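Examining the three-dimensional arrangement
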Amino acid sequence: MKSSKSVLEVAVEKILLISAFISVISVVFITVFIFKEGLPLFTRVSPLEFLFSSNWAPTADPPQYGILSFIMGSVWVTFGALLLSVPIGLAVGIFMAEMAEGRFAQILRSVVELLAGIPSVIYGLFGYIAISPVIRRLFDSPTGLGVLTASIVLAIMTLPTIINITEVSLRAVPGELKEGSLALGATHWMTIYRVMVPSARSGILAGIVLGMGRAIGETMAVLMVAGNAVTMPRGPLSLTRTLTMNIATDMKYAADYHAVSLFTTGIVLFVFILGINSLVQYLMKKTVKEEM
Amino acid sequence: MSSAEVLNPPVSKGRKEVVSSPQSRKLRMQEKVAKGIIWGLAALTIAILVWIVGYLMVKGLRYNNMTPYNVTPYVERVIDLDGTEDDLVFIINRGVREQDIEVDGLRTLFNKRRNENWGFYNEQNLRAQPVVNENAGDFSVQVKDFILAGEDLDDYRGYVEKASSWDEVISYVGGTEGAIGFLPASEAADLPRDVKVLGVRRKAIAVNPSVLMIKDSRMLRELTDKQAEKIAAGEVSNWMEVGGTDLPLTLLDSENIEVNMEALQSTEGAVMLTDYRYVAEYGVRSVPVLRHETGWNLTWHFITEAPARSGQWGGISYIIINTFFLILFTILFSAPVGVMAAIYMVEYAKQGRLMRILRMGTETLSGIPSIVFGLFGFIFFVRILGMGIGFISSTLTVTLMVLPTIIRTSEEALKSVPQSFREGSLALGATKLQTIIKVVLPAASPGILTGIILAVGRTVGETAVLIYTLGSNYDLVSGPSSSARVLSLHLYMLFSEALSFDRTFATGAVLVILILLTNFSATFMMKRMNKNSGM
């Protein structure tokens, strides 16, 4: 009786273990297959040329595979988004952690949750219909699409990530620090920006980096508002194409090495994201250590 | 000084203390400004959401367009034809959602050159079936000339149903879906309930070609309905007044058509309000007139009808059902695996290397962008496992995507179950497995459910991963390998094919409503959970 039960228990434990490993296995599979599909491109073109040439003509003869303009597109759009979302995100995070009370706090919390839940196609549609005409009129750009519009849309999309993590890290700051500062006669605001924000900086930084990851990886919204031009972005009003857009657009008709090059683009994106993720995990670990 | 103290002593005393140190006043100022800015930004966040959701709901619920037509918006329900004794009335089956039609539409409907469908006029996917009375003699000939004017056609084509009396026409129109016919006004006195009169818009603004020429880099492109009215009433004397070039406007009478048409052709800036058929007949030009069209966008029909013609006609019923199928199967696959993984990570795994690997796997998986999932799904499920672009490939890919969400929330929920529950159960002699199933899981279930609802929200909104794993067929899912569309994908397809912004918005509104629903139920669950743990 007892032994049969323990056999069951062991079996269940094994099943649970396998379930827990599915995500690890998926990560391994995704990595292996993306690399396996994408790496053969380097028999045709050197990695340096792929990364540092802005000549993208995969269907020409001879084909050109240079994705520098897409990398730059991703960089422009992402930093534009962070430039807008970091100040707002930090402020709202501070507000939620330290200042918000009662009903208004509750409403704001639901709002942030909803912003995180709205699908990216909705953001894209909204950006195209509502934001691009404003840009067109304000800056006299012909289409109203491009880096700036994409940055605004992405800024709204990354806002919840930054707000949430800022709030969580501010709340994790030990109470004694805050109390000590207030006891020394510092005002509430001084306590926030001289004591609390500095001691929560790793966490806040992790939130910003996480937002950056979201912005780089976002596809649909930018696809709808960035203009999708295969050129080097020259300024906030120029049309651009990001790494994700390159994959989503060309996959429709890509064949042979063109398709391979899209997986190679995927590798670049994947490596970016992995780097960002490790940075986040490092920062988070640092936050935990600082707390202790 | 003393009088001020008498007036309000406590406040001035309090002030004095602050004023005593200019530095502290500065700090107080700083505090106020900083907090004001933060309040402002918090309000901005709310405003952004209200703007987005409000904009989409308003646009999604109602359409409000200015559509250019060759004819003015003036509707005639009873048409006075030149040369006939009786007036003319067009009737349609009640099921056709159309109030009035431009005369060009009547021509194509009766000609049936293509597989004529009401969808071209009111986005209702319904085949049009014209009917005529063969034995109507002169009247019918006149109407035929009216309908077929400008076409190289002597008689109706074969598709047009022939009836032998007016009563037969009425009963045919009443009994056939999408049918359209015509009657003399005297016969249309009391029509049965299943037949209704179709209004016709046929008045065009015919102009001398000089009106539409470019001059001083200006050109008349179109008129609004108000401007057209003013011109017809004779209140406009120069084309400049209605956005045209500097050209005097001469309004001609539409009586005695031959003489006046000649005048129209020879007089610069001449205009005549006339039947559209004469525009084609005399080879003059007409100015497009904008019609203000407004109404409900997100109607019951839109939700319940099947999509047709790439989503241009009909509704989105199949697409909503497909979305629910995708959600159902994604949760069916991901919830058990996710919850089991969380149980292992909370109840069994010891802190250490294994745990670090598991945690890193989940975090990495949650950070991977959806387009990379799409690439993986395309290469692994579609190509290597040979499942093809379709329902099963996309479900499995999305399952992997939402797994981290479910694992993380379930983990939190399991962790929040007090240790004393477990100890109590174990002390009563239950095994670990029994404890988990009978004690820990029920206690954690609201949290787990919250995670599942969040996963539903993610599934509803996901698009990039589906483009190359689910395809673009807008039919109902019929099997594991059938290509389909879900709401978000349908929205993107409508958007990228630029088929109809109204329908894109209506689809977006449905999507937003779904997201609001999932979010509110998640919040509700979370509140219940807090209540439970509070007890």
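Bear in mind that the values here come from a model prediction, so they are computed numbers and not experimental data. (Residues numbered from 1 in each chain as written. Chains lettered and ligands numbered in written order. Predicted model: local features only at pLDDT ≥ 70, side-chain atom pairs only at ≥ 80, totals over all residues.)

Some points on the domain arrangement of chain A
All names here are of chain A. Each assigned domain of chain A is listed here: domain 1 (2-43) and domain 2 (52-291). A straight line from the C-alpha centre of domain 1 to that of domain 2 covers 31 Å. With 6 residues of domain 1 at the interface, the matching set in domain 2 holds 9 residues. (Domains from an automatic or database assignment. Contact = placed C-beta atoms within 7 Å.)

Some points on the pairing of strand 7 (residues 195-201) of chain B
Residues and elements named next belong to chain B. Pairing between strand 2 (residues 88-93) and strand 7: 4 bridges, direction antiparallel. The residue bridging Ile 91 from the neighbouring strand is Val 197, located in strand 7. Sheet topology note: the strand 3 (residues 100-102)/strand 7 ladder contains 3 bridges and is parallel. Within strand 7, the residue paired with Asp 100 across the bridge is Gly 199. (Pairing = 2+ DSSP bridges. Helix = DSSP H or I, 4+ residues; strand = E, 2+ residues; numbered from the N terminus.)

A few points about the sheet that holds strand 9 (residues 250-252) of chain B
Pairing between the strands of a sheet comes from backbone hydrogen bonds, and it takes one of two forms, parallel or antiparallel. Residues and elements named next belong to chain B. One open sheet accounts for 4 strands, arranged 9-10-8-11; its pairing is mixed. Lying at the two open borders of the sheet, with one neighbouring strand each, are strand 9 and strand 11 (285-286). As paired strands, strand 8 (residues 203-207) and strand 10 (residues 270-275) are joined by 5 bridges and run antiparallel to one another. When the bridges of strand 10 are listed, Ala 206 appears paired with Met 272. Sitting on the sheet, helix 9 (residues 257-266) touches strand 8, strand 9 and strand 10, and the angle it makes with strand 10 is about 140 degrees. (Axes fitted to C-alpha atoms, helices over the stretch in contact; angles between N-to-C directions.)

Overview of the domain arrangement of chain B
By domain assignment, chain B separates into domain 1 (2-62), domain 2 (88-201), domain 3 (204-296) and domain 4 (303-534). The straight-line distance from the C-alpha centre of domain 3 of chain B to that of domain 4 of chain B is 59 Å.

Quick notes on the environment of B:Ile379
Residue placement: B:Ile379 occurs in helix 14 (residues 370-384). In this structure B:Ile379 comes out as buried when scored by C-beta crowding, with 21 C-beta atoms within 10 Å. Linking B:Ile379 and B:Tyr468, residues 89 residues apart in sequence, is a C-alpha distance of 9.7 Å. In this structure B:Ile379 touches A:Phe33, A:Glu37 and B:Ile384, once residues within four positions along its chain are discounted. (Buried ≥ 20, exposed ≤ 12 C-beta atoms within 10 Å, placed from the backbone.)

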